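Architecture at a glance
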Amino acid sequence: GLNKASTALLALAGIISPTQANQGVLSADPLHRLASFTAAFVLDARSLAGDHAGCLDILRRYFGGMIDLGATTFWEDFDITWLDNGGRIDELPNPGSIDVHARYGQSCYTGHRHSFCHGWSASPTSWLTREVLGVRPDPTNPLKITLRPNLDTLKFAQGTWPTPAGPLHIHHERQSDGSIRTSWNASDKNILVNCPE
């Protein structure tokens, strides 16, 4: 069978449908055989299939697993099984727990060699900005921003989008009727925001 990154790339390239990729490989055992540095492809393909709930689950449990082990940045290499008796990296190794930095890693990443601050693994930041906050900058005018939030199961989301004229602060909140109320604060009057219903 195909691995998750390869399957996601097939969907993103239009060779197979995102729904086919998601149902066949990406949502099956979703936290295993996932690589932190190729998770962007998986998140994007699952989003195209309309599976935002599955993406949020990956962020909570897979990337959240790194946080559970003491991460403050995105790791180059991570496997969900490291949580089984894994010791936190921000504490001295304890007898009876596994030193995940010393023991785990694959290929050239073994024995203290994988990075605990790896830009390729930072896909949750771009995914959350694009898919949850819904930030869609105009490709011809970076000061023109369209907001299309997708909170899925979240009650609210907030963040800041940098523009050449300064930051755009965004807040989305789910209302009791299920609708989403959006507010923003642009640091410059030249920042144009469109938020279609």
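Here is a short report on the structure shown in this document. Bear in mind the structure is a predicted one, so any value in this text is a computation, not a measurement.

Attention now moves to the sheet that holds strand 6 (residues 166-174). Hydrogen bonding along the main chain pairs the strands of a sheet, whether they run parallel or antiparallel. Strand order in the open sheet formed by three strands is 5-6-7, and the pairing between neighbours is antiparallel. Each of the sheet's edge strands pairs with one partner strand only, and the pair in question is strand 5 (156-163) and strand 7 (180-186). Here the strands of the sheet are splayed against their neighbours by 15° on average, with no regard to which way each runs. In the sheet, strand 5 pairs with strand 6 via eight bridges, with the strands oriented antiparallel. The residue bridging Thr160 from the neighbouring strand is His169, located in strand 6.

Where helix 2 (residues 18-26) contacts helix 3 (residues 39-48), the two axes come as close as 7 Å, and the packing angle between them is 120°. By the angle between their axes, helix 2 is oblique relative to helix 3. Crossing angle aside, the handedness with which helix 2 passes helix 3 is left-handed. Facing helix 2, whose interface residues are Pro18, Asn22 and Leu26, helix 3 presents Val42, Ala45, Arg46 and Leu48. Split by residue class, the contact of helix 2 with helix 3 holds five nonpolar, one polar and one charged.

For the rest of this paragraph, the subject is the packing of aromatic side chains. The full count for this structure, using the stated rule, is eight aromatic pairs. Measuring from centroid to centroid gives 5.2 Å for Tyr62 and Phe78, while their planes differ by 70°, and the two rings are edge-to-face. Of this pair, Tyr62 sits in helix 4 (residues 52-68) while Phe78 sits in the loop between helix 4 and strand 1 (86-87), and the two are 16 residues apart along the sequence. Looking at Tyr62, the relative accessible area reads 0%, which means it is buried. Judged by its relative accessible area of 2%, Phe78 falls in the buried class. Aromatic pair Trp75 and Phe78: ring centres 5.7 Å apart, planes at 75°, arrangement edge-to-face. We note that Trp75, like Phe78, is buried.

Parameters at a glance
Residues numbered from 1 in each chain as written. Predicted model: local features only at pLDDT ≥ 70, side-chain atom pairs only at ≥ 80, totals over all residues. Heavy atoms only, no water. Pairing = 2+ DSSP bridges. Helix = DSSP H or I, 4+ residues; strand = E, 2+ residues; numbered from the N terminus. Axes fitted to C-alpha atoms, helices over the stretch in contact; angles between N-to-C directions. Parallel < 35°, antiparallel > 145°, perpendicular 65-115°, else oblique. Left-handed = near helix turned anticlockwise from the far one by under 90°. Contact = heavy atoms within 4.5 Å. Nonpolar A, V, L, I, M, F, W, Y, C, P; charged D, E, K, R; others polar. Phe/Tyr/Trp six-rings, centres within 6.5 Å; stacked < 30°, edge-to-face > 60°. Buried < 20%, exposed > 50% of the residue type's maximum accessible area, 1.4 Å probe, protein only.

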